[in-house]
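Letter by letter, the chains look like this.
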Amino acid sequence: MTQPVPLKKEASIQVLPQEVQQYVDAFVRKITEIEKEGYDNKLIPFSQKESELQMYSQEFFSSMHDKLQQGLNILRKIFEKEEKQNPKISEQASIVTLEKAQRAMQKRLNDPEFSFSDLDRTRPLQELYGLPWPFMDRAYQTANALLQEKRYEEAECVYMFLCYLHPGVFEYWISSATCKQELGKLEEALRAYEMSLLWEPTNPLVFFQIASCHCQGKEKKSCLEALNVCIEYAAQDERYASILKEASEVKQALMQLKG
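First things first, this report covers the structure right here in the doc. What you see is a predicted model; the values in this text were computed from it and never measured.

So, how was this worked out
Residues numbered from 1 in each chain as written. Predicted model: local features only at pLDDT ≥ 70, side-chain atom pairs only at ≥ 80, totals over all residues. Heavy atoms only, no water. Helix = DSSP H or I, 4+ residues; strand = E, 2+ residues; numbered from the N terminus. Buried < 20%, exposed > 50% of the residue type's maximum accessible area, 1.4 Å probe, protein only. Contact = heavy atoms within 4.5 Å. Areas by Shrake-Rupley, 256 points an atom, 1.4 Å probe, with all protein chains shown as cover. Core = buried A, V, L, I, M, F, W, Y, C linked by side-chain atoms within 4.5 Å. Salt bridge = Lys/Arg side-chain N within 4 Å of Asp/Glu carboxyl O. Expected span 1.5 Å × (residues − 1). Arc of directions from axis to C-beta. Disulfide = S-S within 2.5 Å. Phe/Tyr/Trp six-rings, centres within 6.5 Å; stacked < 30°, edge-to-face > 60°. Axes fitted to C-alpha atoms, helices over the stretch in contact; angles between N-to-C directions. Parallel < 35°, antiparallel > 145°, perpendicular 65-115°, else oblique. Left-handed = near helix turned anticlockwise from the far one by under 90°. Nonpolar A, V, L, I, M, F, W, Y, C, P; charged D, E, K, R; others polar.

A separate point is the overall build of the chain. Helices and strands together make up the secondary structure of the chain, namely twelve helices and zero strands. Looking at the chain as a whole, 47% of its 259 residues qualify as buried. Restricting to contacts in the chain with at least 6 residues of sequence separation, those with at least 24 account for 66%. Summed over all atoms, the accessible surface of the chain reaches about 14,200 Å², with 51% contributed by carbon and sulfur.

In structure tokens, the structure reads:
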């Protein structure tokens, strides 16, 4: 289990729409249950870890409104251009699907008989809005293409949009963290990497990236700690032989450095 990443409390947190806030509250309860199940840090009480998870989740969803709109605008621009060039793209994967989902949700919220208690808060917002996986997959591939083109700001916005719609997908979090790290947002990157560990807690690649983040921030001790965990988990799975080799070499080089 990783050590908690220290969180900085924001001066102000945006108020979320009620339907989203209820969902966020349910999401926090879910990830708290996941984290508590395997928590074994005797030095830090779980209540502290729980408070950090609650604070980060609230900050994450509250502070992402602008990025969500940016991510949506990026997807709309790219999707519309692609759909003009290729009219045969499935409607389920098109921007029209998202627009229909938004209109349907707005109509539902404006219904005089609507009650927030009727919302199924156990499901991600993707399902609440009725967005099919073809749309999610196409958006994810679009973000990947932006990342490969080193358009990190745009890619980060799209990944965050996907995290917002379905925060239970490991790939969205680690990809978002990669963008943040490339942009030098090291604290945000560490938070996102830690969130990805909720879904794949023994993935050595995440710990290697955490180590890289600490190295970038010139935090040798934290870097070595993350490398040790990376090596431990990589040694248990032959699929990560290359990561094991690289992490071991990086650790050896760091150990030889003074300071």
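Bringing the nonpolar core into the picture now. Nonpolar side chains in soluble globular proteins tend to end up buried together. By size, the foremost hydrophobic cluster in this structure holds 65 residues, and its most contacted members are Phe 161, Tyr 193, Ile 210 and Leu 227. Ile 210 has contacts with Leu 190, Tyr 193, Leu 197 and Ala 226, leaving out every residue within four places of it along the chain.

Scanning all chains against the criterion turns up twelve salt bridges. Taking the shortest distance from any N to any O, the salt bridge between Glu 154 and Arg 151 comes out at 2.8 Å. Among the charged side chains, a network of salt bridges with common partners joins Glu 156, Lys 180, Lys 185 and Glu 188.

Moving on to the environment of Phe 27. Along the chain, Phe 27 falls in helix H1 (residues 18-37). On a C-alpha basis, the gap between Phe 27 and Pro 167 in space is 8.4 Å, while along the polypeptide they are 140 residues apart.

With respect to the helices and strands, the residue Thr 97 is situated in helix H4 (residues 95-110). Setting aside chain neighbours within four positions, we find Thr 97 in contact with Glu 91, Gln 92, Leu 131 and Pro 132.

As a further point, take helix H12 (residues 241-256). Given a rise of 1.5 Å per residue, 16 residues ought to cover 22 Å, and the 23 Å separating the end C-alpha atoms of H12 matches this to within 8%. Taken residue by residue, H12 has Ile 243, Ala 247 and Leu 254 as its buried positions. Angularly, the buried residues of H12 cover 25 degrees about the axis, an arc narrow enough to put them on a single face. Facing away from the buried side of H12 by over 90 degrees, the exposed positions are Ser 242, Lys 245 and Gln 256. Along its buried surface, H12 packs onto helix H10 (204-216) and helix H11 (220-234).

To continue, consider the state of the cysteines. Applying the stated rule across the entire model yields zero disulfides. For Cys 157, which is in no disulfide, the shortest distance to another cysteine sulfur is to Cys 179 and amounts to 9.1 Å. Of the residues examined, Cys 157 reaches a relative accessible area of 2% and is grouped as buried.

Under the defined criterion, the tally for this structure stands at four aromatic pairs. Where Phe 207 meets Tyr 233, the ring centres are 5.7 Å apart and the plane angle is 45 degrees; that geometry is what we call tilted. Of this pair, Phe 207 sits in helix H10 while Tyr 233 sits in helix H11, and the two are 26 residues apart along the sequence. Given a relative accessible area of 3%, Phe 207 falls into the buried group. By the ring-pair criterion, three or more aromatic residues cluster together here, those being Tyr 140, Tyr 159 and Tyr 172.

The geometry of helix H8 (residues 170-182) relative to helix H9 (residues 186-196) is characterised by a closest axis approach of 8 Å and an angle of 165 degrees between their N-to-C directions. Taken together, the axes of H8 and H9 are roughly antiparallel relative to one another. In the crossing of H8 with H9, the sense of the turn from one axis to the other is left-handed. Counted together, Phe 170, Trp 173, Ile 174, Ala 177, Thr 178, Lys 180 and Gln 181 of H8 and Leu 186, Glu 188, Ala 189, Ala 192, Tyr 193, Met 195 and Ser 196 of H9 form the full contact between these two elements. Of the residues assigned to the contact of H8 with H9, the class counts are nine nonpolar, three polar and two charged.

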